[in-house]
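# Coordinate analysis (summary)
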Amino acid sequence: MNYLYYPGCSLTASAREYDLATRAVMAAAGVDLTEIDGWTCCGASAAAPISDLLSLSLSARNLALAEQTTADGQILVPCSACYLNLKKAHEALRSHAKQRTMINEALAAVKLNATGSVRVRHLLDVLAVDLGARHLAPLITRSLSGLAVAPYYGCQCLRPYPEFDDPERPVSMEPLIEATGASVHVWEAGGRCCGASLVSTHPEAGLKRVCSILKAARGADLIVTVCPMCQMNLDAWQPKASRMAGEDLSITVLYLPQLLGLAMGLSHHELGLDLNLAVLGSFREKMF
Amino acid sequence: MHPHLISGSPTTHDDSDAMAPIGNLVNACIQCGTCTASCPNALEMDLTPRKMWRLVILGRLSDVMASRTFILCSDCYTCTLRCPRGLPLTRAMEALKGIAFARRETQHRRSRLFYETFMQTVRRYGRIREMAFMTRYFTAMKNPAEPFRFAPLGLKLMGKGKVEMGGGKSTEIPLAALFEKVAALERTPDKPLGKGG
Ligand code: SF4
Ligand code: SF4
């Protein structure tokens, strides 16, 4: 299996461990990733309010580069915000003739052209659908039985495009978690919003979202995420959320490929586990 | 788009009709309240989403701008998914943010500076360099307390070697040409408001 790879900005800095773990798990599963040469920011959630066309063009620039490499390829995207932006640009190029024209007029300024021939896939989609528990199970060398894992999906890999999971009651992570020998923590918060950039711009509102997710995870040994924004909100802001809630809400938070990698016998170093901000001592003792 | 983001030139706005395209997007609202019931941030909003959509349809621009409802939308797409009329509500929330930023509404200054600084960083470097972004944001805020809110986070990330410290091997791919071209295209009349989301 081959995919083009769009890491996105976060995976080069605050979410480096997500990049490391994604590459390590894919390599172990025999999947080839080719990073898109010269990729740039998708515009995150900041471009669209300022200009639709800017938002679409920023993402389409990356699709155009991908098409130059493999015209009928698929792009694997680990960040949910990047995934949604690239997907919107892909939809605009495929289904809206007028937008396709506008986007390509803009891209002409950087000597690029996009048609929308390359498919955009979220990492979770590729893990759950293309690989699936059946393909991953034979790679598991170390059972994680005894661990209860809370699957946190967040928003933008589920909505508004219901590509690979139920956007109201997501389940796609469950067979993957069970394949590691761990059990799934049953909760309702898996598809609830983490607060996204409100945690930075309006912390009094954003941190409430973080608190309610951390509270719902009580009883689990860890939360797994599939987005650097969700991960940062749930791990880096844990102390602040605990202060706001007036109780200790500490819990280990890993990226899904880090959990899978642990079960596949990959090293902490390969999975970037030393870079995580929330790994409790009790978890460390059990696992490391 | 904010012209100053593109060229740095001062702007004047005649936006009496600024909200009309958004009113058209949500015109079919039947005031059922599903959006309010679905919104994770509804309790922090002053107007419920349902009430705000009513004001948008009525063209009550200043009432809408005075509220913090749209600025507290965290793009979770739950209302968009559930609205029985299939209205692109998250898209409409984003568009309202855009109007508030273009009008330089003082009560939304913090969000505006956060978004604008982010885009200036993208324009200049092609990728978000988190350190450069935060520094520019703090400078723009001109609020000495602001960096302290983020200090614990910054220290944590720095302790893990997770922030680029300038120089180094970060790739720089300036996107000014693309930004300028988009601005030029947007100055042409009859810009359609995008669908979806
Ligand atoms: S869910 Fe849709 S139809 Fe119902 S009040 Fe909200 S916008 Fe109107
Ligand atoms: S998309 Fe925005 S307005 Fe709609 S439910 Fe989510 S946070 Fe609320």
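As the structure is a computational prediction, the values presented were derived from the model and not from experiment.

### Let's talk about the packing of aromatic side chains
Residues and elements named next belong to chain A. Evaluated as defined, the whole model comprises four aromatic pairs over all chains. A ring pair is formed by tyrosine 18 and tyrosine 255, whose centres lie 4.1 Å apart and whose planes are at 10°; its orientation type is stacked. Here tyrosine 18, found in helix α1 (residues 16–28), pairs with tyrosine 255, found in strand β8 (residues 252–255); they are 237 residues apart in sequence, far enough to count as distant. The burial state of tyrosine 18 is the same as that of tyrosine 255; both residues are buried. If you follow lysine 87 out to its NZ or CZ, it ends over the ring of tyrosine 161, 5.3 Å from the centre.

### Here we look at the domain arrangement of chain A
Residues and elements named next belong to chain A. Segmenting chain A into domains produces domain 1 (2–122) and domain 2 (133–287). Taken together, the contacts link 26 residues of domain 1 with 25 residues of domain 2. Both faces considered, domain 1 and domain 2 share a buried interface measuring about 2,100 Å² in area, 71% of it formed by carbon and sulfur atoms. Three residues stand out in domain 1 for area buried against domain 2, namely Glu17, Tyr18 and Val25, and they jointly supply 27% of the buried area on that side. Where domain 1 packs against domain 2, one counts one salt bridge.

### Things to note about the sheet that holds β8 of chain A
All names here are of chain A. Spatially, the four strands line up as an open sheet ordered β6-β5-β7-β8, and their pairing is parallel. Each edge of the open sheet carries a strand with a single partner, namely β6 (183–184) and β8. Where strand β5 (residues 148–151) and β6 come together, two bridges link them in parallel fashion. What sits directly across from alanine 148, in β6, is serine 183.

### Considerations on the environment of alanine 150 of chain A
Residues and elements named next belong to chain A. Relative to the elements of secondary structure, alanine 150 occurs in strand β5. A relative accessible area of 0% means that alanine 150 is categorised as buried. Note: C-alpha distance between alanine 150 and threonine 225 (75 residues apart in sequence) is 8.9 Å. Once residues within four sequence positions are removed from consideration, alanine 150 is found in contact with His185, Trp187, Ala220, Leu222, Ile223 and Val224.

### Description of the site of ligand 1
In the vicinity of ligand 1 lie 13 residues, with Cys29, Cys32, Gly33, Cys35 and Cys83 of chain B positioned nearest. Looking at the shell around ligand 1 residue by residue, the class counts come to eight nonpolar, three polar and two charged.

### Examining the pattern of salt bridges
Taken as a whole and assessed by the stated rule, the structure comprises 21 salt bridges over all chains. Linking arginine 23 of chain A and aspartate 19 of chain A is a salt bridge whose minimum nitrogen-to-oxygen distance equals 3.1 Å. Of this pair, arginine 23 of chain A and aspartate 19 of chain A both sit in helix α1, separated by four residues, roughly a single helical turn. Aspartate 52 of chain A is paired through a salt bridge with arginine 91 of chain B; the nearest N and O atoms lie 2.4 Å apart. Placement of aspartate 52 of chain A in helix α3 (residues 52–69) and of arginine 91 of chain B in helix α7 (residues 89–102) is noted, with the two residues assigned to different chains. Look at aspartate 52 of chain A and you get buried, because its relative accessible area is 15%. Sharing partners across several salt bridges, the network here consists of Asp19, Arg23 and Glu35 of chain A.

Quick notes on the rules
- Residues numbered from 1 in each chain as written.
- Chains lettered and ligands numbered in written order.
- Predicted model: local features only at pLDDT ≥ 70, side-chain atom pairs only at ≥ 80, totals over all residues.
- Heavy atoms only, no water.
- Phe/Tyr/Trp six-rings, centres within 6.5 Å; stacked < 30°, edge-to-face > 60°.
- Helix = DSSP H or I, 4+ residues; strand = E, 2+ residues; numbered from the N terminus.
- Buried < 20%, exposed > 50% of the residue type's maximum accessible area, 1.4 Å probe, protein only.
- Lys NZ or Arg CZ within 6 Å of the ring centre and 35° of its normal.
- Domains from an automatic or database assignment.
- Contact = heavy atoms within 4.5 Å.
- Buried area = accessible area lost by both parts, 1.4 Å probe.
- Salt bridge = Lys/Arg side-chain N within 4 Å of Asp/Glu carboxyl O.
- Pairing = 2+ DSSP bridges.
- Near = heavy atom within 4 Å.
- Nonpolar A, V, L, I, M, F, W, Y, C, P; charged D, E, K, R; others polar.

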